[in-house]
Amino acid sequence: MTIKAEIIGVGMARHGYRADSGWRDLVFEAGSCALADAGIERSSIDGGLVSVTCPEAFEQQNLGPLTAEELDLPSGPFAQVVGACAGGTMAFMQGVNMI
């Protein structure tokens, strides 16, 4: 059985020193851009993964559910993947396995 998975939307927060922005602001900015780029409604998302480099620097160890809450996504399996520079690729691979 072959599983086909693809990235349908991408987004990123503006780069640079942003003393006025916390991680929640950055997640909302990048996530909203990705949802708009994908052209899908938040209600159609069943789950997701967040790649984090240094989770111990934040207020909770699992930023997946917090990210979903920040983006006003429906309840579902949301988790974080910690993989330093390989985190994005690891999150994608885990996402394929979630399908």
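Before reading on, note that the structure itself is shown above.
Residues numbered from 1 in each chain as written. Predicted model: local features only at pLDDT ≥ 70, side-chain atom pairs only at ≥ 80, totals over all residues. Heavy atoms only, no water.

(A) Broad picture of the overall build of the protein. When you go through the protein residue by residue, the secondary structure sums to three helices and two strands. Listed by position from the N terminus, the elements making up the protein come as α-β-α-β-α. Rg of the C-alpha trace for the protein: 14 Å, near the compact-globule value of 13 Å for 99 residues, within the 12% margin. Over its C-alpha atoms, taken along the principal directions, the protein stretches across nearly 50 × 25 × 25 Å. Counting all 99 residues of the protein, 26% fall into the buried class. Considering only contacts within the protein whose residues lie at least 6 apart along the sequence, 62% involve residues at least 24 apart. About 6700 Å² of surface is accessible on the protein, with carbon and sulfur atoms providing 57% of the total. Of the side-chain charges in the protein, 5 are positive and 12 negative, and the distance between the mean point of each set is 5 Å. (Helix = DSSP H or I, 4+ residues; strand = E, 2+ residues; numbered from the N terminus. Rg over C-alpha atoms; globule rule 2.2 N^0.38 Å. Buried < 20%, exposed > 50% of the residue type's maximum accessible area, 1.4 Å probe, protein only. Contact = heavy atoms within 4.5 Å. Areas by Shrake-Rupley, 256 points an atom, 1.4 Å probe, with all protein chains shown as cover. Lys, Arg positive; Asp, Glu negative; His and termini not counted. Charge placed at Lys NZ, Arg CZ, Asp CG, Glu CD.)

(B) Here's a closer look at a nonpolar patch on the surface. A cluster of nonpolar side chains, contributed by Ile7, Val10, Phe92 and Met93, occupies part of the molecular surface with about 410 Å² of accessible area. Taking relative accessible area as the criterion, Phe92 reaches 37% and is therefore assigned partly exposed. (Patch = residues over 30% accessible without salt bridge, like charges linked within 9 Å, V, L, I, M, F, W, Y side chains within 5 Å. Salt bridge = Lys/Arg side-chain N within 4 Å of Asp/Glu carboxyl O.)

(C) Seen up close, the environment of Thr53. Here Thr53 shows up in the loop between β1 (48-52) and α2 (63-70). Under the relative-accessibility criterion, Thr53 is labelled exposed at 58%. Measuring from C-alpha to C-alpha, the distance between Thr53 and Cys85 comes to 7.3 Å, with 32 residues separating the pair along the chain. Ignoring any residue separated from it by four or fewer positions in sequence, one finds Thr53 in contact with Val82 and Ala84.

(D) Just the environment of Ile7, in detail. By the secondary structure assignment, Ile7 is in the segment before α1 (23-38). A relative accessible area of 59% means that Ile7 is categorised as exposed. It is 21 Å that separates the C-alpha atoms of Ile7 and Leu63, two residues lying 56 residues apart in sequence.

(E) View of helix α3 (residues 87-98). Look at α3: 16 Å from first C-alpha to last across 12 residues, which is about the 16 Å you get at 1.5 Å a residue. Looking at α3, one finds that the buried residues are Gly87, Ala91 and Val96. Summarising the contacts, the buried residues of α3 are in contact with β1 and β2 (78-82). (Expected span 1.5 Å × (residues − 1).)

(F) Summary view of the environment of Leu66. Along the chain, Leu66 turns up in helix α2. Considering only alpha carbons, one finds Leu66 and Gln80, 14 residues apart in sequence, at a separation of 9.9 Å.

(G) Highlighting unusual backbone geometry. Residue Asp72 is not a glycine yet carries a positive backbone phi of 55 degrees. Structurally, the position occupied by Asp72 is in the loop between α2 and β2. Located in the positive-phi region is Ala84, a residue other than glycine, with phi close to 50 degrees. Mapped onto the fold, Ala84 is located in the loop between β2 and α3.

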